[in-house]
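Summary of the model geometry
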Amino acid sequence: MEMDKNLVREVIAKRVAQEFHDGYVVNLGIGLPTLVANYVGDMDVIFQSENGCIGVGPAPEKGKEDPYLINAGGGHITAAKGAMFFDSAYSFGIIRGGHVDATVLGALEVDEKGNLANWMIPGKKVPGMGGAMDLVVGAKHVIVAMEHTSNGGIKILKECKLPLTAVGVVNLIITEKAVFEVTDKGLVLKEITPYSSLEDIRATTEADFIVSDELLNK
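Think of each chain on its own: its residues are numbered from 1, step by step along the sequence as written. Local features are withheld for residues below a pLDDT of 70 in this predicted model, meaning they are given only at 70 or higher, and side-chain atom pairs are given and counted only at 80 or more; totals for whole chains, interfaces and linings count all residues. Note: side-chain values were computed over all heavy atoms of the structure, leaving out hydrogens and water.

For the protein chain, an unreviewed UniProt entry supplies the name Succinyl-CoA--3-ketoacid-CoA transferase and the organism Fusobacterium pseudoperiodonticum. On record in UniProt, under Sequence similarities (unreviewed entry), the comment for the protein chain is "Belongs to the 3-oxoacid CoA-transferase subunit B family." UniProt positions are given in the numbering used here, feature names are shortened, and annotations may be inferred rather than shown by experiment.

What follows is the structure, given as structure tokens:
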């Protein structure tokens, strides 16, 4: 089923938001992950941006952006009541100190061992790995939020081909088609969205995976 790009992003962001709990401190990566803040509803979640803010609010309405309030990717943000601003050293002290409950990142590739490649394609100019290298080892839970494929190319692989961001760090993969959990036994398919099917997921996923008992018993 062909999905509108905006619908794809909305489906992924809404599903990611279901992984949070009251009191969570969450870091949202640039791009698609930033949309997650729009779908937490009344949940008491504290969003952190590694460029120096804790208490990031939903994206501002168009035309109401504050040029002084941006996230680590340069996108405009709002500040929730009680938000705090600080320097990068303090911000990374929060991350490296293990105070972030979950981080949500996009990915170029992820594999069945939980390896993550999300920072460069050889031959293309890149700004660097950024805070991802700290977040994936400092956060308690690492969620990859990404489109299932890219221009027809498969992104969930047996083994990543691109330079790695980190090894064995991913806990959950959420796409517009499925939710996979990374376990000691490999990938476990936990959910299939209404926009896909098991056959479709098998055709667009290179990695081996186990279908969860919950899905098999449906």
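Alright, that's what it looks like, and here's the rest.
A run of DSSP states H or I qualifies as a helix once it reaches four residues; a run of E qualifies as a strand once it reaches two. Both are numbered from the N-terminal end. Counting secondary structure elements, the protein chain contains five helices and 15 strands. In terms of C-alpha radius of gyration, the protein chain reaches 17 Å, essentially the compact-globule figure of 17 Å for 218 residues. Here the C-alpha coordinates of the protein chain stretch approximately 45 × 35 × 30 Å along the principal axes. Note on areas: these come from Shrake-Rupley sampling with a 1.4 Å probe, and a residue is covered only by the protein chains present in the view. Taken as a whole, the protein chain presents about 11500 Å² of accessible surface, with 52% of it coming from carbon and sulfur. In summary, the charge assignment counts Lys and Arg as positive and Asp and Glu as negative, without counting His or the chain termini. The atoms used to mark charge sites are NZ of Lys, CZ of Arg, CG of Asp and CD of Glu. Each charge class in the protein chain can be summarised by its mean position, and for the 20 positive and 29 negative side chains these summaries are 3 Å apart. Values of the radius of gyration come from C-alpha atoms, whereas the globule rule sets the reference at 2.2 Å times the count of residues to the power 0.38.

Right, let's talk about the packing of aromatic side chains for a bit. Stacked, edge-to-face and tilted labels apply to pairs of Phe, Tyr and Trp rings (six-membered ring for Trp) whose centres lie within 6.5 Å, assigned for plane angles under 30 degrees, over 60, and everything in between, in that order. On inspection of all chains with the given rule, the structure shows four aromatic pairs. Relative to Y24, the ring of F20 lies with its centre 6.5 Å away and its plane at 40°, an arrangement referred to as tilted. Counting every residue linked through ring pairs, the aromatic cluster contains F20, Y24 and F47.

On to helix 2 (residues 88-96), then. Categorising residues by exposure relies on relative accessible area from a 1.4 Å probe, with only protein chains included: less than 20% of the type maximum marks a residue as buried, more than 50% marks it as exposed, and the intermediate range marks it as partly exposed. Where helix 2 is concerned, the buried positions are S91, F92, I94 and I95. Taken down its axis, helix 2 places every buried residue within 145° of arc, on the same side. Across from the buried face of helix 2, at angles greater than 90 degrees, the exposed residues are A89, Y90 and R96. Those residues of helix 2 that are buried lie in contact with strand 2 (46-49) and helix 3 (132-138). Once helix 2 ends, the next one or two residues include G98, with phi positive near 80°. Note that the arc is defined by the directions from the helix axis to the C-beta atoms. Here, residues are in contact when the closest pair of their heavy atoms is within 4.5 Å.

All right, on to the layout of surface pockets then. Detection works on a 1 Å grid of protein atoms alone, calling trapped sets that fit a 1.4 Å probe cavities and calling open sets with protein on both sides within 12 Å along at least five of seven lines pockets, with lining residues defined by an atom within 4 Å of a point. Grid points are joined across faces, edges and corners, and a volume is the space filled by probe spheres set on the points. Reported here for the largest pocket is a volume of approximately 910 Å³. Forming the boundary of the largest pocket are 40 residues, of which G29, I30, G31, A72 and G73 lie nearest the centre. Per element, the largest residue contribution to the lining of the largest pocket is three residues, and it comes from strand 2. Throughout, the ten residues Ala, Val, Leu, Ile, Met, Phe, Trp, Tyr, Cys and Pro are labelled nonpolar, Asp, Glu, Lys and Arg are labelled charged, and all others, Gly among them, are labelled polar. Grouping the amino acids of the lining of the largest pocket by side-chain chemistry returns 21 nonpolar, 16 polar and three charged. Here the second largest pocket defines a volume of roughly 370 Å³. Contributing elements (two or more residues each) for the lining of the second largest pocket: helix 1 (5-17), strand 9 (149-150) and strand 10 (153-154). Across the lining of the second largest pocket, the residue classes tally to ten nonpolar, five polar and five charged.

What follows covers the side chain of Q48. As for its placement among the helices and strands, Q48 is situated in strand 2. You can call Q48 buried: its relative accessible area is 2%. Under this definition, polar contacts are N or O atom pairs within 3.5 Å; protein pairs additionally need one hydrogen-donor-capable and one acceptor-capable atom, and for neighbouring residues in sequence, both atoms have to be side-chain atoms. Among the polar contacts made by the side chain of Q48, one reaches the side chain of N27 at a distance of 2.8 Å. The residues touching Q48, leaving out its near neighbours within four places in the chain, are V25, V26, N27, L28, C53, I54, V56, S91, I95 and V100.

What follows concerns the environment of F209. Along the polypeptide, F209 turns up in strand 15 (residues 209-211). F209 sits 49 residues away from C160 along the chain, and the two C-alpha atoms are 15 Å apart. Apart from residues no more than four positions distant in its own chain, F209 is found in contact with F180, L187, L189, L198, I201 and R202.

Time to look at the environment of V56. Assignment of secondary structure puts V56 in strand 3 (residues 53-57). Taking the relative accessible area as the measure of exposure, V56 reaches 13% and is therefore buried. Note: C-alpha distance between V56 and K140 (84 residues apart in sequence) is 19 Å. Contact partners of V56, with chain neighbours within four places excluded, come to F47, Q48, S49, I77, T78 and A80.

Attention now goes to the sheet that holds strand 4 (residues 78-85). By this definition, two strands are paired if DSSP reports at least two bridges between them. Strand order in this open sheet of ten strands is 4-3-2-1-5-8-12-13-14-15, and the pairing throughout is mixed. Of all the strands in the sheet, the pair left with one neighbour each is strand 4 and strand 15. Going from strand to strand, the sheet's axes swing by 25° on average, the running direction of each strand aside. Sheet topology note: the strand 3/strand 4 ladder contains four bridges and is antiparallel. Across the sheet, residue C53 finds its bridge partner in strand 4, namely F85. Fitted lines through C-alpha atoms give the axes, limited to the stretch in contact for helices. The angle between two N-to-C directions lies from 0 to 180 degrees.

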